[in-house]
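Tertiary structure, described
Spelled out, the chains give:
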Amino acid sequence: MRIQAAVLRERGAAFKIENVELAEPGPGEVLVEIAGTGFCHTDLLPRTDGFMAEPPLILGHEGAGVVASIGTGVTGLAVGSKVVLSFDHCGACPACIDGHPAYCRSFWRRNMVGRSHIAEDRAHDITGRSIGARWFGQSSFATHALAEARTVVPVPDDVPLEILGPLACGVLTGAGSVFRVLRVTGAASTAIYGAGTVGLSAVMAAASTGAEYVIAVDRHRSRLDLALELGATHVVDSTGLSVAEIANVVKAISKNGTDTALDTTGAPSVVAAAVAALRPQGTVGLVSALAGTIELPGDALATGKTVTGILEGDAVPHELIPELIDLWRQGRLPFDRLIRTYPMSDINQAEADMASGDTIKAVLIPGATT
Ligand SMILES: [Zn+2]
Ligand SMILES: [Zn+2]
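About the cut-offs
- Residues numbered from 1 in each chain as written.
- Chains lettered and ligands numbered in written order.
- Predicted model: local features only at pLDDT ≥ 70, side-chain atom pairs only at ≥ 80, totals over all residues.
- Heavy atoms only, no water.
- Donors = N, O, S within 2.8 Å, 3.2 Å for Na, K, Ca; no water.
- Helix = DSSP H or I, 4+ residues; strand = E, 2+ residues; numbered from the N terminus.
- 1 Å grid on protein atoms, 1.4 Å probe; cavity = no way out; pocket = protein on both sides within 12 Å on 5 of 7 lines; lining within 4 Å.
- Points joined across faces, edges and corners; volume = space filled by probe spheres on them.
- Tetrahedral: all angles 85-135°; square planar, octahedral: opposite > 155°, others 65-115°.
- Buried < 20%, exposed > 50% of the residue type's maximum accessible area, 1.4 Å probe, protein only.
- Phe/Tyr/Trp six-rings, centres within 6.5 Å; stacked < 30°, edge-to-face > 60°.
- Lys NZ or Arg CZ within 6 Å of the ring centre and 35° of its normal.
- Nonpolar A, V, L, I, M, F, W, Y, C, P; charged D, E, K, R; others polar.
- Pairing = 2+ DSSP bridges.
- Right-handed = clockwise from strand over helix to strand, strands pointing away.

Quick look at the coordination of the zinc ion (ligand 2)
Around the zinc ion (ligand 2), the protein contributes the donor atoms Cys-40 (SG), His-61 (NE2) and Cys-169 (SG), at 2.0 to 2.2 Å from the metal centre. In the primary structure, the donors to the zinc ion (ligand 2) are separated according to the pattern C-x20-H-x107-C. Within this pair, whereas His-61 is found in the loop between strand S4 (57–58) and strand S5 (63–70), its partner Cys-169 is found in the loop between strand S9 (152–154) and helix H3 (170–181), the two being separated by 108 residues in sequence.

Right, here's the structure in full:
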């Protein structure tokens, strides 16, 4: 079928809206008419030379929409079902069976290559040239996306479908890290480093548990102000502060250091500060690919501290996304406050606004006009 998509033709090029021919859903697949798609920083990885996904590509991995047609063997979904599209996973490897689909043994091949792990090409431009259309199992910067039914999460009718996509990655990552990995509770103290989509989602999730100290650390005053509105108990402006100074401020606020911390910045010096500001036996989660090497003093972890990487909040999307919607309904996870919507045709403006920090989370609406 003929669809429209924002295509990345070359790593450094602007996105271009094009007509694309997309295959009909095969066995186990669904075709989703996209209502809105979040723009995640991960969507920019293919701009890096040598990255495993090669243009031409359709990116986008926070899609939400309505099932338009279904392939053979699909159960539990029907034409008209409202869904959020989450990351791809096999459902059969030890990690998937154990309830950790983000650590699926074929996660990278299924999500980061941008092309179907089934050999056949599923999308072509009007000249017949193949276009990668399986980024994170979906490629949802488009009017329609093909996805395996297993990766699609049904959502209720009474929620604003077009803004639900970020629940599948950015919000999932922040909230999942807090709930599933750091296991923040009412008596706890946690520090969240970086107040973008993931960090602010972590702040909201931690605040929803009633944690005693929820400390947001960032260099942008406007984001710290928003963190306070979203439930942070304290904020730290780290502008101009050394690693030791950041750690000392966070320790002073939390009395003896935080039980847990989440780094969403990917900055090695921030991770070093987060480790230094932990109490004994505390854990720091890292959700971002680090830009460089973490340097820690030889005894930095001696008191039983843990540093752990986290993908996709280590969440099971079919479990956590409905829980996040419930929290949103209760006003305890107002993730809509992070979002600014753009017509999909303004995708390059959305990218620029996210890079400048003007927009925290862009959501692209196919078919909308400015
Ligand atoms: Zn798997
Ligand atoms: Zn993402």
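Alright, that's what it looks like, and here's the rest.
Some thoughts on the layout of surface pockets
Approximately 150 Å³ is the volume attributed to the second largest pocket. Taken together, Val-243, Ala-272, Val-275, Ala-276, Glu-295, Leu-296, Pro-297, Asp-299, Ala-300, Thr-303 and Lys-305 form the lining of the second largest pocket. Per-element accounting of the lining of the second largest pocket gives the leading share, three residues, to helix H7 (residues 268–276).

Concerning the coordination of the zinc ion (ligand 1)
Coordination of the zinc ion (ligand 1) by the protein is provided by Cys-90 (SG), Cys-93 (SG), Cys-96 (SG) and Cys-104 (SG), with metal-donor distances spanning 2.3 to 2.4 Å. For the zinc ion (ligand 1), the four donor atoms in the first shell make angles of 105 to 115 degrees at the metal, so the coordination geometry reads as tetrahedral. Along the chain, the residues donating to the zinc ion (ligand 1) fall in the pattern C-x2-C-x2-C-x7-C. Take Cys-96: its relative accessible area is 12%, and that puts it in the buried class.

Points about the packing of aromatic side chains
Evaluated as defined, the whole model comprises nine aromatic pairs. Ring centres 5.1 Å apart and planes at 75 degrees place the aromatic pair Trp-135 and Phe-136 in the edge-to-face group. Seen from the ring of Phe-15, Arg-47 lies directly overhead, with NZ or CZ sitting 5.1 Å from the centre.

Considerations on empty space enclosed by the protein
Across all of its chains, the model carries one cavity of 30 Å³ or more by this definition. Space inside the largest cavity adds up to approximately 50 Å³. For the lining of the largest cavity, the class distribution of residues is three nonpolar, three polar and four charged.

A few points about the pairing of strand S11 (residues 213–218)
The buried fraction of S11 amounts to six of the six residues, a majority that puts the element mostly inside the structure. Where burial is concerned, the two faces of S11 agree: the one with Tyr-213, Ile-215 and Val-217 and the one with Val-214, Ala-216 and Asp-218 are both buried. Of the pairings in the sheet, the one linking strand S10 (residues 189–193) to S11 comprises five bridges and is parallel in character. Of the residues in S11, the one forming a bridge with Tyr-193 is Val-217. Chirality of the crossover, the property in question, places the unit of S10, helix H4 (residues 197–208) and S11 among those that are right-handed. At this point the chain moves from S11, through helix H5 (residues 221–229), to the parallel strand S12 (residues 234–237), and the crossover so formed is right-handed.

Quick word on the sheet that holds strand S2 (residues 16–22)
Paired through backbone hydrogen bonds, the strands of a sheet run either parallel or antiparallel to each other. If you walk across this open sheet you meet the four strands as S4-S1-S2-S7, and the pairing is antiparallel. The outermost strands of the open sheet, each flanked by one partner alone, are S4 and strand S7 (123–125). Note that S2 and S7 share three bridges and pair antiparallel. When the sheet's bridge partners are listed, Leu-22 is paired in S7 with Ala-123.

The values are spatial; any link to function lies outside them.
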